[in-house]
Structures are given as C-alpha cells and as structure tokens.
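Descriptive structure summary
Now for the letters of each chain:
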Amino acid sequence: MQEITVKEKIRMIIEINEAENPGEKLVSAGTALGGGIGYNFVENRAFVRTDLRKKVMDRIAEEHLNRREVARAIGFDYQNFYNFLQGKRGLPYEKVEELLALLGIA
C-alpha cells in the first residue's frame, strides 16, 4: 500500500468533518488511510490515529531495552507501565511526552 501524504490526510479529514453524513466518508477514508482514521462523536470531528503503544513496544524491542528500566527512567511504576503497554490503562500526558522523547519517537 502506498503511503498517503500529509496533505492528502488533511484533505480527507476536512472532507469528513464538513460532510453532511460523515459516516459515509469514514469508510472510504479508513480504507485509504489503512484503518488509521478515528471519529470523535462527542466533538463531531475526524482525526488520524497512530498506535503509540505499538511504536513504544517496537522501539523497546529494537533497542533491546528493559521495560522496568524504561518505566523507572520516566518515573512511572512498572506495573502501571506494563498495563499501559497492554492497553489496559493510559499514561498521563507528561509521561507520554517523556516516554516519546526518551525513545526518540516523533
């Protein structure tokens, strides 16, 4: 599948957000973006999703890092960090920033 440009993603998101029935546009946009499209029904707006947990787990595996040490480096309890990686809990925004900076994930 060919990578879609940022301009194309922006155009798709604007089209969905301005559509009279966004549900119809979500299906085709979701296919074009490889399923990476989300919709906030409270705010009635579409957005492009990225799986940060997967990126974090991939980087930890690539660098052969110890998850306990990563959790300790960002000042977070290991059990809570493990639950974050499993998708069972979130991380506070500040910890997400620290984690992404630590691992060099943009």
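In this text the structure is predicted, and so the values were computed from the model without any measurement.

Two or three places before R53, at the start of helix α3 (residues 52-62), stands the capping residue D51, its side-chain oxygen 3.2 Å from that residue's backbone nitrogen. Looking one or two residues past α3, H64 carries a phi angle of roughly 55°, positive in sign.

Within the structure shown, the criterion is met by four salt bridges. Between R11 and E15 there is a salt bridge; the shortest N-O distance is 2.8 Å. Residue R11 and its partner E15 are located together in helix α1 (residues 6-18), separated by four residues, close to a single helical turn. Where R59 meets E62, a salt bridge forms, and the shortest distance between an N and an O atom there is 3.4 Å. Highlighted residues: R59 and E62, both in helix α3, separated by three residues, approximately one helical turn. By relative accessible area, R59 is classed as partly exposed at 24%. Judged by relative accessible area, which is 51%, E62 ranks as exposed.

Let us now look at the packing of aromatic side chains. As enumerated under the stated definition, the model contains two aromatic pairs in all. A centroid spacing of 6.2 Å and a plane angle of 40° characterise the contact between Y78 and Y82, whose relative ring orientation is tilted. Taken together, the residues span about one helical turn, with Y78 and Y82 both in helix α5 (residues 78-85) at a distance of four residues. Classification of Y78 as buried rests on a relative accessible area of 18%. What makes Y82 partly exposed here is its relative accessible area of 28%. Lying over the aromatic face of Y78, R68 brings its terminal NZ or CZ to 4.1 Å of the ring centre.

What follows is about the pairing of strand β1 (residues 37-40). Moving residue by residue along a regular strand, the side chains alternate between the two faces of the sheet. Note that β1 and strand β2 (residues 45-48) share four bridges and pair antiparallel. Each residue of the ladder has a partner; that of Y39, found in β2, is A46. Between β1 and β2, which follow one another and run antiparallel, lie four residues, and N44 among them has a positive phi close to 50°.

What follows deals with the side chain of K95. In this structure, K95 sits in helix α6 (residues 93-103). Setting aside residues up to four positions removed in sequence, K95 forms contacts with I74, G75 and F76.

Conventions we followed
- Residues numbered from 1 in each chain as written.
- Predicted model: local features only at pLDDT ≥ 70, side-chain atom pairs only at ≥ 80, totals over all residues.
- Heavy atoms only, no water.
- Polar contact = N/O pair within 3.5 Å; in protein donor to acceptor, adjacent residues only side chain to side chain.
- Helix = DSSP H or I, 4+ residues; strand = E, 2+ residues; numbered from the N terminus.
- Salt bridge = Lys/Arg side-chain N within 4 Å of Asp/Glu carboxyl O.
- Buried < 20%, exposed > 50% of the residue type's maximum accessible area, 1.4 Å probe, protein only.
- Phe/Tyr/Trp six-rings, centres within 6.5 Å; stacked < 30°, edge-to-face > 60°.
- Lys NZ or Arg CZ within 6 Å of the ring centre and 35° of its normal.
- Pairing = 2+ DSSP bridges.
- Contact = heavy atoms within 4.5 Å.

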